[in-house]
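Take a look at the letters that make up each chain.
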Amino acid sequence: MALETELSTYRSKLPELHDQQGKFALIHGNDLVGTFAAYEDALAEGYKQFGLKPFLVQKIEVIEQVQFVSRLLDPCRT
Amino acid sequence: MPHLTIQIATGGPILDVRIGVSQARAAALKNANQAVPNPIQIRGLIDTGASCTCVDPAVLSALGLAPTGVIPMLTPSTGQQAHHANVYDISLVLVHPNLTLTHQNIPVAEAQLAIQGIQALIGPDVLKLCLLVYDGQSGACTLAF
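Just so it is clear, the structure is predicted and the values come from calculations on it, not from any experiment.

A. Layout of the environment of Asp125(B). All names here are of chain B. By the secondary structure assignment, Asp 125 is in helix α3 (residues 124-127). Along the primary structure Asp 125 and Ala 28 are separated by 97 residues, whereas in three dimensions their C-alpha atoms are 25 Å apart. When sequence neighbours within four positions are dropped, the list of residues in contact with Asp 125 reads Cys 52, Thr 53, His 103, Ile 106 and Pro 107. One polar contact links Asp 125 to Thr 53, side chain to side chain, over a distance of 2.6 Å.

Shown next as structure tokens:
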């Protein structure tokens with residue numbers, strides 16, 4: 001799965017982020033870089049700090065919202 | 001209000017959209033002295049049944065994108081167990097002769113769609129800025145923005 005390290009970091013930091021529900025976390029490797037009110041701001045900071053290296057922008061949700069696509073029959077598995 | 005009238009094809013209301021790298025990624029590419037890929041015009045299905053906008057992996061690959069997110073996703077083939085789909089940041093333009101609706105930085109999920117003759121599902125994150133009228137009797141759909 002892509003961004004496995006970053007996703008693991010996010011999940012480990014989630015208990016600290018309960019009061020920031022709805023914001024966007026920027027994560028690089030094992031580091032939580034910061035939280036941002038808008039997706040665009042987290043994304044811009046990610047590219048500013050890390051350029052084209054991998055980073056994760058994750059919406060902070062205590063209960064992770066599952067997306068659904070009824071049209072899709074053959075998903076891309078990461 | 002500018003609007004597009006789309007004939008409803010067998011597969012549903014399909015329109016042309018232009019997909020490119022996000023504004024933020026374009027800046028990073030320029031900083032790295034790398035070329036910014038030209039946007040690609042593709043066919044997108046207006047899908048009010050999807051909870052997010054999705055793009056076919058061939059399009060994402062052609063733009064040289066790397067994922068910046070991961071989301072759990074349920075589809076008819078996943079059953080009750082969600083799979084994790086890569087999320088990419090892109091720019092998306094709804095093409096109109098006089099005006100365009102542009103999202104400079106929007107997250108989209110990767111989804112195999114080409115087999116259905118489309119390359120994107122236009123979901124509610126894009127449609128929330130539009131007025132959508134589905135006229136089944138005349139076989140047309142109007143999208144205003």
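On we go from here.
B. Region of the structure containing the environment of Gln119(B). Residues and elements named next belong to chain B. Along the chain, Gln 119 falls in the loop between β7 (101-110) and β8 (120-122). A sequence separation of 77 residues divides Gln 119 from Ile 42, and the C-alpha atoms of the two residues are 6.1 Å apart. Leaving out residues up to four positions away in the same chain, Gln 119 has contacts with Ile 42, Arg 43, Cys 54, Val 55, Asp 56, Val 59 and Leu 113.

C. Broad picture of the interface of chain A and chain B. Each partner contributes residues to the interface: chain A has 31 residues there, and chain B has 43 residues. Counting across the chain A and chain B interface gives zero salt bridges. Counting across the interface, chain A meets chain B through nine residue pairs in polar contact (both at pLDDT 80 or more). Top element by residues in the side of chain A that touches chain B is helix α2 (residues 39-50) of chain A. It accounts for five residues.

D. Seen up close, the sheet that holds strand β3 (residues 56-59) of chain A. Residue and element names in this part refer to chain A. In space, the three strands of this open sheet follow the order β2-β1-β3, with antiparallel pairing throughout. Pairing within the sheet leaves two strands with one partner each, and these edge strands are β2 (31-36) and β3. With strand direction ignored, the average angle separating the axes of adjacent strands in the sheet is 25°. Bridge count for strand β1 (residues 24-28) against β2 is five bridges, and the pairing is antiparallel. Of the residues in β2, the one forming a bridge with Ala 25 is Thr 35. Across the sheet, helix α1 (residues 4-13) is in contact with β1, β2 and β3; its angle to β3 comes to roughly 40°.

E. Quick look at the pairing of strand β3 (residues 40-46) of chain B. Residues and elements named next belong to chain B. Bridging between strand β2 (residues 12-21) and β3 involves six bridges; their strand directions are antiparallel. When the sheet's bridge partners are listed, Ile 14 is paired in β3 with Leu 45. Pairing analysis gives three bridges linking β3 to β8, with the strands arranged parallel. Bridged to Leu 45 within β8 is Leu 121.

F. Quick peek at α1(A). Of the residues making up α1(A), those classed as buried are Glu6(A), Leu7(A), Thr9(A) and Tyr10(A). Down the axis of α1(A), the buried side of the element spans an arc of 155°, and every buried residue falls inside it. Considering only its buried residues, α1(A) is in contact with β1, β2 and β3 of chain A together with β5 (69-74) of chain B.

G. Structural context of the pairing of strand β9 (residues 131-135) of chain B. Residues and elements named next belong to chain B. The pairing of β9 with strand β10 (residues 140-144) spans five bridges and is antiparallel. Across the sheet, residue Leu 132 finds its bridge partner in β10, namely Leu 143. Between β9 and β10, which pair antiparallel in sequence order, lie four residues; one of them, Gly 139, sits at a positive phi of approximately 70°.

What counts as what
Residues numbered from 1 in each chain as written. Chains lettered and ligands numbered in written order. Predicted model: local features only at pLDDT ≥ 70, side-chain atom pairs only at ≥ 80, totals over all residues. Heavy atoms only, no water. Helix = DSSP H or I, 4+ residues; strand = E, 2+ residues; numbered from the N terminus. Contact = heavy atoms within 4.5 Å. Polar contact = N/O pair within 3.5 Å; in protein donor to acceptor, adjacent residues only side chain to side chain. Salt bridge = Lys/Arg side-chain N within 4 Å of Asp/Glu carboxyl O. Pairing = 2+ DSSP bridges. Axes fitted to C-alpha atoms, helices over the stretch in contact; angles between N-to-C directions. Buried < 20%, exposed > 50% of the residue type's maximum accessible area, 1.4 Å probe, protein only. Arc of directions from axis to C-beta.

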